[in-house]
Amino acid sequence: FDREQIQVHFYDDFIANPNAVFSEICRHIGVDPDFRPDMRERGMVSTRPRNLWLDRQLNWPSRLRYRLLRRPFGGITKPLMARLNRWNSMPAPKLDAVTRAEIAPLFTEDLALLSALLKRDVPWT
């Protein structure tokens, strides 16, 4: 791809100013930059299961799961499975300071290369 076709945004920037980042992306792909999506709800929040066995039953492919999601059961099982998924999900823990300090040196060189490539300071250094 040509350099002009690629645009990189940091999640930290998006959180700090979502409308500005979104407008910049829209401009880049040729969409009306004044369009404003509904950003009141946050999607794809990182979670982890309370119970791994239940998570596997609800989300991993299986013949039983496939059959339960089809007719005539689908109308009942889909909402039930969604509710169980919400109950079984809890926030993923943040990276503790000790672990961060241990792994940070592993990324020093890569972050320096990324910073040079983007001609911008990387916020995670």
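Up top is the structure.
Not measured: the values here are computed from a predicted model.

Chemist: Tell me about the packing of aromatic side chains, residues and numbers included.
Modeler: If you walk through the whole model with that rule in mind, you get one aromatic pair. With 6.1 Å between their ring centres and 50° between their planes, Phe22 and Phe35 make a pair best called tilted. Residue Phe22 is found in helix H2 (residues 18-29), and its partner Phe35 is found in the loop between H2 and strand E1 (47-49); the two are separated by 13 residues along the sequence. Residue class for Phe35 comes out partly exposed when judged on its relative accessible area of 45%.

Chemist: Lay out the packing of helix H3 (residues 52-59) against helix H5 (residues 74-88) in plain terms, naming residues and giving numbers.
Modeler: Packing of H3 against H5 brings their axes to within 10 Å, and their N-to-C directions diverge by 150°. It follows that H3 is roughly antiparallel to H5 by the angle criterion. The two elements H3 and H5 cross, and the hand of that crossing is left-handed. Contact residues: Leu54, Asp55, Leu58 and Asn59 in H3; Met81, Leu84, Asn85, Trp87 and Asn88 in H5. Here the residues of the contact of H3 with H5 are counted per class, giving five nonpolar, three polar and one charged.

Chemist: How would you explain the pattern of salt bridges if you had to name every residue and give the values?
Modeler: Scanning the entire structure with this criterion turns up two salt bridges. The partner of Asp13 in a salt bridge is Arg120, and the shortest N-O contact between them spans 2.4 Å. One end of the pair, Asp13, is in helix H1 (residues 11-16); the other, Arg120, is in the segment after helix H6 (97-118), with 107 residues separating them in the sequence. For Asp13, a relative accessible area of 27% puts it in the partly exposed group. Across the pair Arg40 and Asp38 runs a salt bridge, and its minimum N-O distance is 2.7 Å. By relative accessible area, which is 74% here, Arg40 ends up exposed.

Chemist: Please give an account of the side chain of Asp55 that cites residues and values.
Modeler: Among the secondary structure elements, Asp55 is positioned in helix H3. Setting aside chain neighbours within four positions, we find Asp55 in contact with Pro49, Trp60, Asn85 and Asn88.

Chemist: Describe the side chain of Ser23, with residues and values.
Modeler: With respect to the secondary-structure elements, Ser23 resides in helix H2. Of the polar contacts made by the side chain of Ser23, one reaches the backbone oxygen of Pro33; its length is 2.9 Å. If we ignore the near neighbours within four places in the chain, the residues touching Ser23 are Pro33 and Arg36.

About the cut-offs
Residues numbered from 1 in each chain as written. Predicted model: local features only at pLDDT ≥ 70, side-chain atom pairs only at ≥ 80, totals over all residues. Heavy atoms only, no water. Phe/Tyr/Trp six-rings, centres within 6.5 Å; stacked < 30°, edge-to-face > 60°. Helix = DSSP H or I, 4+ residues; strand = E, 2+ residues; numbered from the N terminus. Buried < 20%, exposed > 50% of the residue type's maximum accessible area, 1.4 Å probe, protein only. Axes fitted to C-alpha atoms, helices over the stretch in contact; angles between N-to-C directions. Parallel < 35°, antiparallel > 145°, perpendicular 65-115°, else oblique. Left-handed = near helix turned anticlockwise from the far one by under 90°. Contact = heavy atoms within 4.5 Å. Nonpolar A, V, L, I, M, F, W, Y, C, P; charged D, E, K, R; others polar. Salt bridge = Lys/Arg side-chain N within 4 Å of Asp/Glu carboxyl O. Polar contact = N/O pair within 3.5 Å; in protein donor to acceptor, adjacent residues only side chain to side chain.

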